[in-house]
Amino acid sequence: GAGVSQSPSNKVTEKGKDVELRCDPISGHTALYWYRQSLGQGLEFLIYFQGNSAPDKSGLPSDRFSAERTGGSVSTLTIQRTQQEDSAVYLCASSLGAGNTIYFGEGSWLTVV
Amino acid sequence: GDSVTQMEGPVTLSEEAFLTINCTYTATGYPSLFWYVQYPGEGLQLLLKATKADDKGSNKGFEATYRKETTSFHLEKGSVQVSDSAVYFCALKDNFNKFYFGSGTKLNVKP
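Residues numbered from 1 in each chain as written. Chains lettered and ligands numbered in written order. Predicted model: local features only at pLDDT ≥ 70, side-chain atom pairs only at ≥ 80, totals over all residues. Heavy atoms only, no water.

Peer 1: Tell me about the pairing of strand 8 (residues 62-65) of chain B, residues and numbers included.
Peer 2: Residue and element names in this part refer to chain B. Taken together, the four bridges between strand 7 (residues 56-59) and strand 8 define a ladder with antiparallel strand orientation. Residue pairing for strand 8: Lys56 is matched across the bridge by Thr65. The turn joining strand 7 and strand 8, which pair antiparallel and follow one another in sequence, is formed by two residues; a positive phi near 55° is taken by Lys60. Both strand 8 and strand 9 (residues 75-77) contribute to a ladder of three bridges, which runs antiparallel. In the strand pairing of strand 9, Glu63 is matched with Glu76. (Pairing = 2+ DSSP bridges. Helix = DSSP H or I, 4+ residues; strand = E, 2+ residues; numbered from the N terminus.)

Peer 1: Tell me about the sheet that holds strand 8 of chain B, residues and numbers included.
Peer 2: All names here are of chain B. The strand order across the open sheet built from four strands is 3-9-8-7, with neighbouring strands paired in antiparallel fashion. Strands with a single pairing partner mark the edges of an open sheet, and in this sheet they are strand 3 (19-21) and strand 7. Sheet twist, expressed as the mean angle between neighbouring strand axes with direction ignored, is 15°. (Axes fitted to C-alpha atoms, helices over the stretch in contact; angles between N-to-C directions.)

Peer 1: Account for the nonpolar core, with residues named and values stated.
Peer 2: All names here are of chain B. Ranked by internal contacts, the top residues of the largest apolar core, which has 26 residues, are Leu19, Trp35, Leu47, Leu48, Phe73, Leu75 and Tyr88. When contributions to this core are tallied by element, the ones reaching two or more residues are strand 2 (11-14), strand 3, strand 4 (23-26), strand 5 (32-38), strand 6 (44-50), strand 8, strand 10 (86-93) and strand 12 (105-110). Per element, the largest residue contribution to this core is four residues, and it comes from strand 10. For Leu19, the residues in contact, after removing those within four places along its chain, are Val11, Leu13, Phe62, Leu75, Glu76, Lys77, Val80 and Leu107. (Core = buried A, V, L, I, M, F, W, Y, C linked by side-chain atoms within 4.5 Å. Buried < 20%, exposed > 50% of the residue type's maximum accessible area, 1.4 Å probe, protein only. Contact = heavy atoms within 4.5 Å.)

Peer 1: Run through the interface of chain B and chain A, naming residues and quoting values.
Peer 2: Facing 17 residues of chain B, the contacting portion of chain A comprises 21 residues. For the pairing of chain B and chain A, the buried interface totals around 1400 Å² over both sides, and the portion due to carbon and sulfur atoms is 54%. Taken together, chain B and chain A are joined by one salt bridge. For Lys98(B), the salt bridge identified is with Asp56(A), shortest N-O distance 3.0 Å. There are six residue pairs in polar contact (both at pLDDT 80 or more) connecting chain B and chain A. Residue assignment for the side of chain B that touches chain A shows that the elements contributing at least two residues are strand 5, strand 6, strand 10 and strand 11 (99-101) of chain B. (Buried area = accessible area lost by both parts, 1.4 Å probe. Salt bridge = Lys/Arg side-chain N within 4 Å of Asp/Glu carboxyl O. Polar contact = N/O pair within 3.5 Å; in protein donor to acceptor, adjacent residues only side chain to side chain.)

Take a look at the structure:
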């Protein structure tokens, strides 16, 4: 596609529910990243995919967070048993791979009430 | 590990003032350096980048020079406009394609 596409753009969920956030990277981009941006804060690295494998999962905050990528394209970030501190903007980005710039999606705003 | 430190905001300037936003980094290897901008209500966009020492990135009147000796990549603009009001993020990409971002600096430009 023309850019990185994320869905939903906004999600309000009740504490304790599971949520899935989807990212569709730019066509042909092999690398995919998930970041989290809390209100007024910087970007917190969550996970990075190269193809379908995740060489770096070091940023996932807890075992309630997981992510997968299939077919070297779409990725899903899943948050189980959501907590209020999970409220943030979840940003996805993609790049061609080594030596290239990353391009961000618009983000998914998650509010846990 | 690798990291990026940038000056805290907010930075408030009058239109046509000179802008500097400081950014320093810690890295092993030879990182690439970036400035991203986030306008109100929008996603992050690449502003400029530099991939090796002494390179200067430039775009929309903004410039930043990759200084290996001072491990810095300060963002400058000679004359800011109200439309430059945004949050600016300094970032580095390490040799393993992992990106590290600074905490962001909010710029407010007043008419």
